[in-house]
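# An overview of the molecular structure
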Amino acid sequence: MTRGRQDATDKTGERFADLEARLRESEETLDAIRRNEIDALVVSGVADGPRVFTLEGADRTYRILVEQMQEGAVTLGQDGRVLYCNQFIASLLGDAPERVVGQKLQRYVLAEDAGRFARLLGEAGQTGARGELTLRSRDGRDVPVYLSLSLLHDDETAVLCGVLTDLTEQKLHLRELTEANARLTAEMAERGRVEDALRQAHKMEAVGQLTGGLAHDFNNLLTGIFGNLELLQARIAQGRIGEVDRYVTAARGAATRAAALTHRLLAFSRHQTLAPVPTNANRLVTGLEELIQRTVGPAIAVKTVLTGDLWPTLCDPNQLESALLNLSINARDAMPDGGSLTIGTANVRLDERAAGERDMAPGHYVTVCVSDTGTGMPPDVAARAFDPFFTTKPIDKGTGLGLSMIYGFARQSGGQVRIHSHMGSGTTVRLYLPRHAAEEASDSVHEVADGPFQAEAGQVVLVVDDDTAVLTLVSEVLGDLGYGTIEAGDGPSGLEIVDSDARIDLLITDVGLPGGMNGREVANAVRARRPGLKVLFITGYGENAAIGTGRPERGTDVLTKPFSVSALAAKVQAMLGDHLLPGMTIDGQAQQRGRCGPACPDP
Amino acid sequence: MNDAGKTPPASCCRLRLFVAGSTLRSQRAIENLQRVCEAQAGQTIDLEVIDVYQRPELAVRYQVVAAPTLVKLSPAPVRRIIGDLSATDRVLHGLGLMPLAPGLP
């Protein structure tokens, strides 16, 4: 047998086997149909695609599913007539299925939802539709439902197929949730109110203690001032002029202490006007060591650990001193049985991450830290330590203002303050103050020039203040120094003078003024008229908000009441002393000596 | 049931079981087939169960006229076995895994 014939024979064999198999398949299929061993027949070759014919009983599962599911199933004619509904819908409507089928579903739709249902029916015929409705059952219950309808093409007709969800429970839950939410909101508001009231009560208690203590201190100081003034008067009357100096010195001393007291008071409200100067913290700590040792008592050893080559920092040295004293007193109170108090200084560099952790700008800082070996504090106390009026001390011991004041000072100086404390092992408070590029101020800067000083001929100062005593005092001082002065009792009067061609070299204005303009507004208006005119604000508060920032802007300065005559003189001298200012006229015609009130602005 | 475009490994046995919904017979067919498949250790079986109600066009493509029907697409030749697959011998023979004893249909 040749190879070709062999191949042909093989192929015939294969084809025969295939035909045999296919014949067997066909016979098996026929047998299966005959013996009812199949569920469905697939018929192809018809015009609109293959169809599946279900044999009896094969869709029973679906019937059961649809009949017994806990959702409503319904088929509707396009006019809303019910063609089929499952048991769930029947019981929801409170009717037997056979009574529902044949009815229009509209019959069960609540009157006010009739329009909505009509719309759903209309949309369902196009694209399918879904929406909420309220149905009314035969026994008069209102049932909120969610109905979704879609178009089902049957052989001859088109019917709408609907699934209906009972929303009764959901709505109930929602209502309960809403009510619970309202209750919770009310409770929170009430709690907030009570907390506010409590906080206010605490605050008032603290303010009470504070004002009580202050009144006491002030009375002492005022007694000193009054007494010395009376003695002064008596000595002058007696002609014993040679003895008056000591009474003047004593009265000034008491007044200076009173001024320091009000300054400290302003610090805790964080409205102080800082006088930042380049400061050497090492020198400041050294100078304070003895006072601290005396304050904390002999049971506590005071040590200083000072870094050599400490950078200068820019801050108000008086405030830094009071911060250190305050921290030392806190440390003393934390060590009732004695211990050691260490004051240290260091240079630190904070990178982005370290600065971010401390809520500061990255850069160079000088740190001054005060550590004690006392009782320490738990984290919740440490976390609130800087809150105003927060204190753990007994009612008559602390006002809760000390650390708050230090915090205000540190932040306002561009630094930060941090507490590290562990129960039983003590507390460290670290002040971060920004490094200052230049050297610290020499002591002479602090000193006010007391020597005789005469103003440049013809220089005129406009003084705006509503307090006659201050107005008179400032004018007197300036007059003594050789300046001409013009007085105004409020902003508008001051502006009238500025609008005239009177010579003005400097504006001194109070910040809090009556007449609708504060000092800041007066200064702005004046500088709009006479650009570059220098302005000295005087203020009884550290009114940073009125002045703009913690540091006065260019060409302006701030003097805080109460101020000494020499401090006023030094400020005016510093502002007017060295050069001519833009807007200044030197024609000699407008020269004034003596004073002029608001009523006669133009001499 | 993503039948088209799949290229399983050559040794893979590709099976498509066509059923008509979740009837008792469908369940039996699936269980019987599962048992047969589990007995074929080492054989990779790619099985899809197709509901003819949902995909009648696939039934037409694979020349299935009734459900349940098991179609063996590969290895060739294509074979169809109708019924609930309770006759294990016939199933194995149809899948080409065991010759049918002489005398049986």
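The present account deals with the structure reproduced in this document. (Residues numbered from 1 in each chain as written. Chains lettered and ligands numbered in written order. Predicted model: local features only at pLDDT ≥ 70, side-chain atom pairs only at ≥ 80, totals over all residues. Heavy atoms only, no water.)

## Regarding the overall build of chain B
What counts is decided by this rule: Numbering of helices and strands runs from the N terminus; a helix is a DSSP stretch of H or I covering at least four residues, while a strand is a stretch of E covering at least two. In this description, contact between two residues means that some pair of their heavy atoms is separated by no more than 4.5 Å. Values of accessible area rely on a 1.4 Å probe in the Shrake-Rupley scheme; residue burial ignores everything except the protein chains shown.
The secondary structure content of chain B amounts to 3 helices and 5 strands. Starting at the N terminus and ending at the C terminus, chain B contains elements arranged as β-α-β-α-β-β-β-α. Summarising the internal contacts of chain B: among those between residues at least 6 apart in sequence, 65% fall at separations of at least 24. Total accessible area computed for chain B in this model is approximately 5200 Å², and 55% of it derives from carbon and sulfur atoms.

## A look at the nonpolar core
Residue and element names in this part refer to chain A. Keep this limit in mind: Definition of nonpolar core: a set of buried residues of the types Ala, Val, Leu, Ile, Met, Phe, Trp, Tyr and Cys, connected through side-chain atoms within 4.5 Å. Whether a residue is buried, partly exposed or exposed follows from its accessible area with a 1.4 Å probe, protein chains only, as a fraction of its type maximum: under 20%, in between, or over 50%, in that order.
By size, the foremost hydrophobic cluster in this structure holds 36 residues, and its most contacted members are Leu-320, Leu-324, Leu-341, Ile-419 and Leu-431. Counting residues per element, this core draws most heavily on helix H8 (residues 281–296), which supplies 6 residues. Apart from the residues within four sequence positions on either side, Ile-419 is in contact with Met-377, Ala-382, Ala-385, Phe-386, Leu-403, Thr-427, Thr-428 and Val-429. Core analysis: the second largest hydrophobic core is formed by 26 residues, Ala-90, Leu-105, Leu-121 and Ala-124 among them.

## Brief notes about the interface of chain B and chain A
The line we're drawing: In this description, buried area is defined as the sum, over both parts, of the accessible area (probe of 1.4 Å) that is lost when the two are combined. Salt bridges are defined as contacts in which a side-chain nitrogen from Lys or Arg sits within 4 Å of a carboxyl oxygen from Asp or Glu. Polar contact is the term for a pair of N or O atoms within 3.5 Å; when the atoms are in protein, one must be able to donate a hydrogen and the other to accept it, and sequence-neighboring residues count only if both atoms are side-chain atoms. Only Asp, Glu, Lys and Arg are considered charged, only Ala, Val, Leu, Ile, Met, Phe, Trp, Tyr, Cys and Pro nonpolar, and every remaining residue, Gly among them, polar.
At the interface, 26 residues of chain B touch 22 residues of chain A. Buried area between chain B and chain A, summed over both chains or domains, comes out near 2000 Å², and the portion from carbon and sulfur atoms is 54%. Three residues stand out in chain B for area buried against chain A, namely Arg-25, Tyr-53 and Ile-82 of chain B, and they jointly supply 26% of the buried area on that side. Connecting chain B to chain A are 4 salt bridges. The shortest N-O distance in the salt bridge between Arg-79 of chain B and Asp-18 of chain A comes to 3.7 Å. For the pair chain B and chain A, the interface holds 10 residue pairs in polar contact (both at pLDDT 80 or more). Among the elements of the structure, helix H1 (24–39), helix H2 (56–61), strand S3 (66–67), strand S5 (79–82) and helix H3 (88–94) of chain B are those that each provide at least two residues to the side of chain B that touches chain A. Tallying contributions element by element places H2 of chain B first for the side of chain B that touches chain A, with 4 residues. Classifying every residue of the side of chain B that touches chain A by side-chain character gives 14 nonpolar, 6 polar and 6 charged.

## Side note on the pairing of strand S5 (residues 129–136) of chain A
All names here are of chain A. So the rule is basically this: DSSP calls a pair of strands paired once it identifies at least 2 bridges connecting them.
Pairing between S5 and strand S6 (residues 142–153): 8 bridges, direction antiparallel. Looking at the pairing, Leu-135 lines up with Val-143 of S6. The antiparallel hairpin formed by S5 and S6 contains 5 residues in its connecting segment, where Gly-140 sits at a positive phi of about 90°.

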